[in-house]
Amino acid sequence: MDAKRTDEIWILGATGNVGQGLAGRLAAARTPGVVLVGRSAERLASVADSLGAPVRTRQLADFAEMLTAVQRDQPLVVVNLLGSYTETAIPLAQACMPEGNYVDLSIDFDTLSGLVDLHHEARAANSTIIGGAGFGVLATEALILRLCAGKPAPEQVQIDALSSYAPQDGVMGEALAVTAVDVMSMGGRAYREGRLTPVPLGSNLRKHALPDGTAVKSAAVPSGELFAARRASNAPTIDFTSALAPTSPLIRPALPLLSRLLKIPSMRRLMVSSMAASKTRRAPRPRPHSWGHAVVDWADGTRRESWLRAGDAMDYTADVLAVVVHALRNGTPPRGAYTPAAALGPGLATDAGATLLDD
């Protein structure tokens, strides 16, 4: 290991809901070297005081300061929970090399594929990069890897991420607003004949009767789940839907126009600022469980279906991150750049507390 590399685990964006959840899990496990990083010294101190275990805090004014600090101080693991992954993910991942490790929650297609494109660079630098290490990507990728194990490439894959989580009092915030607007402006995507192909945002409306007796709707959005599914299955036809996509019959017809409008810089800025300031209210999660779903079809007519059941999607994401961080600290994952189940196997999903239900 590089003589300057520390054994610290930096959580960037530690005062957010997932950041606090991860910090709590690492503190409960008495994980050494945890450093909470954020913009507000007061909020960092409040989180640190709530943990009941010794952690350090670092107040850094903005992303530029955080990037410089990572390059200078060389923590062993950097957990990026800042959001705005189109801007933050690649620079931070590269700043962790050589000998350091990086993990985030990026789910937009371009960022996740861009991180995995760093594979050879990360491997040569003896570093591990894991993008999309939360409910969204893992809940479908783990299913596909299990269903396709030992079999030829399927003909078609359908995956659905059906999250359920309890919102908290506060505001959406700029980081999440930027991600949401970027997704809406990109429009829908699917794989057709092995090529990433535009489809209308909000198309492929699906109504799911869930294994626990509840129901939910989902629709097409462009997301990193598609990228992970393609790498896991090599299927030429892949469709992805999310329960977070707008499914209202009043809204869906307007989505293609909205997608085009958000490509205009002034409209994008207006939407980001409006969404960032929008208030969220504490409420129970809408369904008892979050679900990942996969259906895989082969050319010989074989069909396999599987479900992943987790609790609150945000809580499960913190559980996944805790497992990944401990693996990175212990040097378990291979060197290179990966999606979560590709790095640690589909068992990561159950290690983090999910239950798998096969057909």
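Check the entry above for the structure.
What this report covers is the structure whose coordinates are included nearby. If you're wondering where the values come from, they're calculated on a predicted model, not measured in any experiment.

## Observations concerning the sheet that holds strand β6 (residues 128-130)
Read from one edge to the other, the open sheet built from 7 strands follows the order β3-β2-β1-β4-β5-β6-β17, with strand pairing classed as parallel. Looking along the sheet, the strands with just one partner apiece sit at the ends: β3 (56-59) and β17 (336-338). Across the sheet, the axes of successive neighbouring strands diverge by a mean angle of 15 degrees, strand direction being ignored. Judged from the 3 bridges that link them, strand β5 (residues 101-104) and β6 form a sheet pairing that is parallel. Pairing of Asn101 across the sheet is with Thr128, part of β6. Across the sheet, helix α2 (residues 41-51) lies against β2 (34-38) and β3, angled at about 150 degrees from β2, the strand it touches most. The sheet strands contacting helix α3 (residues 63-73) are β1 (9-12), β2, β3 and β4 (77-80), and the helix crosses β1 at an angle near 175 degrees.

## Concerning the side chain of Ser259
Topologically, Ser259 is positioned in helix α10 (residues 255-261). With relative accessibility at 6%, the residue Ser259 sits in the buried group. Residues contacting Ser259, with those up to four places away along its chain left out, are Met184, Ser185, Met186 and Gly187.

## Brief notes about the packing of helix α7 (residues 135-148) against helix α9 (residues 224-233)
Where α7 contacts α9, the two axes come as close as 9 Å, and the packing angle between them is 15 degrees. With respect to their mutual orientation, α7 and α9 come out roughly parallel. Both α7 and α9 take part in a crossing whose hand is right-handed. Seen from α7, the contacting residues are Gly136, Val137, Thr140, Glu141, Ile144, Leu145 and Cys148; seen from α9, they are Gly224, Glu225, Ala228, Ala229, Ala232 and Ser233.

## A short note on unusual backbone geometry
Residue Pro98 is bonded to the preceding Met97 through a cis peptide linkage, with omega at 0 degrees. Assignment of secondary structure puts Pro98 in the loop between α4 (85-95) and β5. The backbone phi angle of Asn204 is positive, close to 55 degrees, even though this residue is not glycine. Along the chain, Asn204 falls in the loop between β10 (195-199) and β11 (206-209).

## Observations regarding the packing of α3 against α4
The interhelical angle for the contact between α3 and α4, taken along N-to-C directions, is 15 degrees, at an axis separation of 9 Å. In terms of axis orientation, α3 runs roughly parallel to α4. The interaxial crossing formed by α3 with α4 has right-handed handedness. Across the interface between the two elements, Phe63, Leu67, Val70 and Gln71 from α3 touch Glu87, Thr88, Pro91, Leu92 and Ala95 from α4. Considered class by class, the residues forming the contact of α3 with α4 number 6 nonpolar, 2 polar and 1 charged.

## Brief notes about the packing of aromatic side chains
The final tally for this structure, using the stated rule, is 4 aromatic pairs. On the numbers, 5.7 Å between centres and 80 degrees between planes, the contact of Phe109 with Phe227 is edge-to-face. Within this pair, whereas Phe109 is found in helix α5 (residues 109-116), its partner Phe227 is found in helix α9, the two being separated by 118 residues in sequence. Like Phe109, the residue Phe227 is buried in the burial classification. Here Trp291 and Trp307 contribute two aromatic rings whose centre-to-centre distance is 5.7 Å and whose plane-to-plane angle is 85 degrees, an arrangement assigned as edge-to-face. With Trp291 in strand β15 (residues 290-297) and Trp307 in strand β16 (residues 303-310), this residue pair connects regions lying 16 residues apart in the sequence.

## A look at the environment of Thr355
Mapped onto the elements, Thr355 comes out in strand β18 (residues 355-358). Residues Thr355 and Thr15, 340 residues apart in the sequence, show an inter-C-alpha distance of 29 Å. If near-sequence neighbours (up to four positions away) are discounted, Thr355 is found in contact with Trp307, Leu308 and Arg309.

What counts, and at which threshold
Counting starts from 1 at the beginning of each chain's written sequence and moves along it residue by residue. The predicted origin of the model limits local features to residues at a pLDDT of at least 70 and limits the giving and counting of side-chain atom pairs to 80 or more, whereas totals for whole chains, interfaces and linings rest on all residues. With hydrogens and water excluded, all non-hydrogen atoms of the structure serve as input to the side-chain values. Two strands form a pair only when DSSP identifies at least two bridges running between them. Helix numbering and strand numbering both begin at the N terminus, where a helix is a DSSP run of H or I of at least 4 residues and a strand a DSSP run of E of at least 2. Angular values range over 0 to 180 degrees, each being the angle between N-to-C directions of two axes fitted as lines to C-alpha atoms, with helices fitted over their stretch in contact. Contacts were defined at the residue level, with two residues in contact if any of their heavy atoms lie within 4.5 Å. A 1.4 Å probe rolled over the protein chains alone gives each residue an accessible area, and that area as a share of the maximum for its type sets the label: buried under 20%, exposed over 50%, partly exposed in between. Comment on the angle field: the value is read as roughly parallel under 35 degrees, roughly antiparallel over 145, roughly perpendicular from 65 to 115, and oblique elsewhere. Note on convention: the crossing is left-handed when the near helix lies turned anticlockwise from the far helix by less than a right angle, right-handed when the turn is clockwise. Just so you know the grouping, Ala, Val, Leu, Ile, Met, Phe, Trp, Tyr, Cys and Pro go in nonpolar, Asp, Glu, Lys and Arg go in charged, and all remaining residues, Gly too, go in polar. Pairing of aromatic side chains requires ring centres within 6.5 Å, counting the rings of Phe and Tyr and the six-membered ring of Trp. Pairs whose planes differ by under 30 degrees are stacked, by over 60 edge-to-face, and all others tilted.

Geometric values such as these leave the question of function open.
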